[in-house]
Amino acid sequence: MSRIGKLPVVLDKGVKAALADGMIRLEGPKGKLEARVHPGFTLEIADGKIAVKRPGDAAGERALHGLMRKLVANMAEGVSKGFTRVLEINGVGYRADVKGGQINLALGFSHPIVYQLPPGVTAKVERQVILTLESADRQLLGSVAAEIRGLRPPEPYKGKGIKYATETIHRKAGKAAAGGGR
């Protein structure tokens, strides 16, 4: 049995769970989330815990057991505490500004970039170079952070661009440091 899949998902106080039509719905202080339960898998809600049961012992079912449990656990954590992702903007003249549901980015291009945030994701900017994204949906938050980082990924020579706060950029020596010469 999957070591991750057999663990029950403990729901925090204030989180409500419901099963209907092959969907699980969780509601908490940070929002509402719903997801489709993989066919064959069953979820049991009792005593503030959700247990994920797999239909059999086939290799594919065993592989999906831990995944299904972790997706439900991420939903439970998201609606109770929420998730955050911090991006840092490095470079002369590079900055960000949030207005409503849009992020205005100056990233060294000849034009400003306007990124429209999807519903469910909020953003805050500190000192014009630290962008904090928040959401109850972990998958959505990760994809939004990756899209914003993809607008100007960090380059290895000067480190300019958008990077995750936890990311380290391996720097390369430029031409002058390579030696050789005349």
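Description of the structure in this document. Bear in mind that the values here come from a model prediction, so they are computed numbers and not experimental data. (Residues numbered from 1 in each chain as written. Predicted model: local features only at pLDDT ≥ 70, side-chain atom pairs only at ≥ 80, totals over all residues. Heavy atoms only, no water.)

**Thoughts on helix α2 (residues 138-151)**
Alright, step 1. Here α2 spans 20 Å end to end across 14 residues, near enough to the 20 Å set by a 1.5 Å rise per residue.
Alright, step 2. The set of residues buried in α2 consists of L141, V144, A145 and I148. Around the axis of α2, the buried residues are gathered within 100 degrees of arc, so they sit on the same side.
Alright, step 3. Lining the buried residues of α2 we find β7 (83-90), β9 (102-106), β10 (113-116), β11 (121-126), β12 (130-135) and β13 (161-164).
Alright, step 4. The N-capping residue of α2, defined by a side-chain oxygen 3.2 Å from the backbone nitrogen of Q139, is D137. (Helix = DSSP H or I, 4+ residues; strand = E, 2+ residues; numbered from the N terminus. Expected span 1.5 Å × (residues − 1). Buried < 20%, exposed > 50% of the residue type's maximum accessible area, 1.4 Å probe, protein only. Arc of directions from axis to C-beta. Contact = heavy atoms within 4.5 Å. Polar contact = N/O pair within 3.5 Å; in protein donor to acceptor, adjacent residues only side chain to side chain.)

**A look at the sheet that holds strand β5 (residues 42-46)**
Alright, step 1. Reading across from one edge, β1-β6-β5 is the order of the three strands in this open sheet, with antiparallel pairing throughout. Two strands lie at the open edges of the sheet, namely β1 (9-10) and β5, each paired on one side alone.
Alright, step 2. Across the sheet, helix α1 (residues 59-80) is in contact with β1, β5 and β6 (49-53); its angle to β6 comes to roughly 160 degrees. (Pairing = 2+ DSSP bridges. Axes fitted to C-alpha atoms, helices over the stretch in contact; angles between N-to-C directions.)

**Considering the packing of aromatic side chains**
Alright, step 1. In total, this model carries zero aromatic pairs according to the counting rule given.
Alright, step 2. It is R85 that lies over the ring of Y164; its NZ or CZ is 4.2 Å from the centre. (Phe/Tyr/Trp six-rings, centres within 6.5 Å; stacked < 30°, edge-to-face > 60°. Lys NZ or Arg CZ within 6 Å of the ring centre and 35° of its normal.)

**Description of the pattern of salt bridges**
Alright, step 1. Inspection of every chain in the model, using the stated rule, returns seven salt bridges.
Alright, step 2. One salt bridge connects D97 with K99, and the closest N-O pair in it is separated by 3.4 Å.
Alright, step 3. R149 is the salt-bridge partner of E167, the closest N and O atoms lying 2.7 Å from each other. Of this pair, E167 sits in the loop between β13 and α3 (175-178) while R149 sits in helix α2, placing them 18 residues apart in sequence.
Alright, step 4. Classification of R149 by relative accessible area gives partly exposed; the value is 21%. (Salt bridge = Lys/Arg side-chain N within 4 Å of Asp/Glu carboxyl O.)

**Focus on the nonpolar core**
Alright, step 1. By size, the foremost hydrophobic cluster in this structure holds 21 residues, and its most contacted members are I103, L105, L117, L133 and I148.
Alright, step 2. Elements represented by at least two residues in this core include exactly β7, β9, β10, β11, β12, α2 and β13.
Alright, step 3. Broken down by element, the residue count for this core peaks at four residues, all from α2.
Alright, step 4. Among residues more than four places away in sequence, those in contact with L105 are I89, R95, A96, P112, I113, I148 and L151. (Core = buried A, V, L, I, M, F, W, Y, C linked by side-chain atoms within 4.5 Å.)

**What about the pairing of β12?**
On any regular strand, side chains alternate: one points to one face of the sheet, the next to the other face.
Alright, step 1. The buried count for β12 comes to five of six residues, which makes it a mostly enclosed element.
Alright, step 2. Examined bridge by bridge, β7 and β12 share six bridges and lie antiparallel to one another. In the strand pairing of β12, T84 is matched with E134.
Alright, step 3. As paired elements, β11 and β12 share six bridges and run antiparallel to each other. Its bridge partner lying in β12, T122 is registered against E134.
Alright, step 4. Taken together, β11 and the strand that follows it, β12, pair antiparallel across an intervening segment of three residues, in which R127 is found at a positive phi of about 50 degrees.

That is the geometry; function is a separate question.
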